[in-house]
Amino acid sequence: MSDCLFCKIIDGQIPSLKVYEDEQVFAFMDIMPLTKGHTLLIPKTHCKDLFEMPEEVARNLYAAAPKVANAIKAAFNPVGMNTVNNNGEAAGQTVFHYHLHLIPRYDETDGLQVKWNSRQAEFPTEVLTAIAGQIKENI
Ligand code: AMP
Ligand code: ZN
């Protein structure tokens, strides 16, 4: 898409710090990294988000993800890695070309706080079963 920031990065119209590229994907440093080595992996085919991503594009993107993740691991020896993908403004998406954040983790002082507040009590088995049914019906 001509007015898409990440399409322009792929085309080289906007500079980036590229770490990997093949026919299908492009990986580069996040300009505002959360931790050392924070990298973005994107498909060369423009798709806005996960909802609009063709299976083939997803297949190719995830085929490259371990390669890039392992390069980050080999470079900096993190103790873990969060992979994050925000879809939609409400979910925190700010660039509307699908991207997978690869965020290496070091220790509790690495500056990234991910806190999951479980609401398990609100979702007993019968409720979860109904929810699963609704999703299944829509696949
Ligand atoms: P999200 O909020 O999930 O849409 O993430 C967008 C990410 O793109 C943010 O982490 C930004 O720091 C990053 N970003 C925005 N512009 C650029 C750019 N020109 N080069 C590299 N990363 C960028
Ligand atoms: Zn794009």
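Residues numbered from 1 in each chain as written. Chains lettered and ligands numbered in written order. Predicted model: local features only at pLDDT ≥ 70, side-chain atom pairs only at ≥ 80, totals over all residues. Heavy atoms only, no water.

A. Highlighting the overall build of the protein chain. The helix and strand inventory of the protein chain stands at three helices and five strands. Relative to its full complement of 139 residues, the protein chain shows a buried share of 32%. Put simply, 51% of the contacts in the protein chain that link residues at least 6 apart link residues at least 24 apart. Of the charged side chains in the protein chain, 12 are positive and 17 negative, and the gap between their average positions amounts to 5 Å. (Helix = DSSP H or I, 4+ residues; strand = E, 2+ residues; numbered from the N terminus. Buried < 20%, exposed > 50% of the residue type's maximum accessible area, 1.4 Å probe, protein only. Contact = heavy atoms within 4.5 Å. Lys, Arg positive; Asp, Glu negative; His and termini not counted. Charge placed at Lys NZ, Arg CZ, Asp CG, Glu CD.)

B. Up close: the coordination of the zinc ion (ligand 2). In this structure, C4 (SG), C7 (SG), H46 (ND1) and H97 (ND1) serve as the protein donors to the zinc ion (ligand 2), at separations of 2.0 to 2.3 Å. The motif formed by the donor residues of the zinc ion (ligand 2), counted along the single chain, is C-x2-C-x38-H-x50-H. With respect to burial, C4 and C7 carry one shared label: buried. (Donors = N, O, S within 2.8 Å, 3.2 Å for Na, K, Ca; no water.)

C. Representation of helix α3 (residues 125-137) within the structure. The first and last C-alpha atoms of α3 sit 18 Å apart over 13 residues, in line with the 18 Å expected at 1.5 Å per residue. Within α3, only zero of the 13 residues are buried, which leaves it mostly out in the open. (Expected span 1.5 Å × (residues − 1).)

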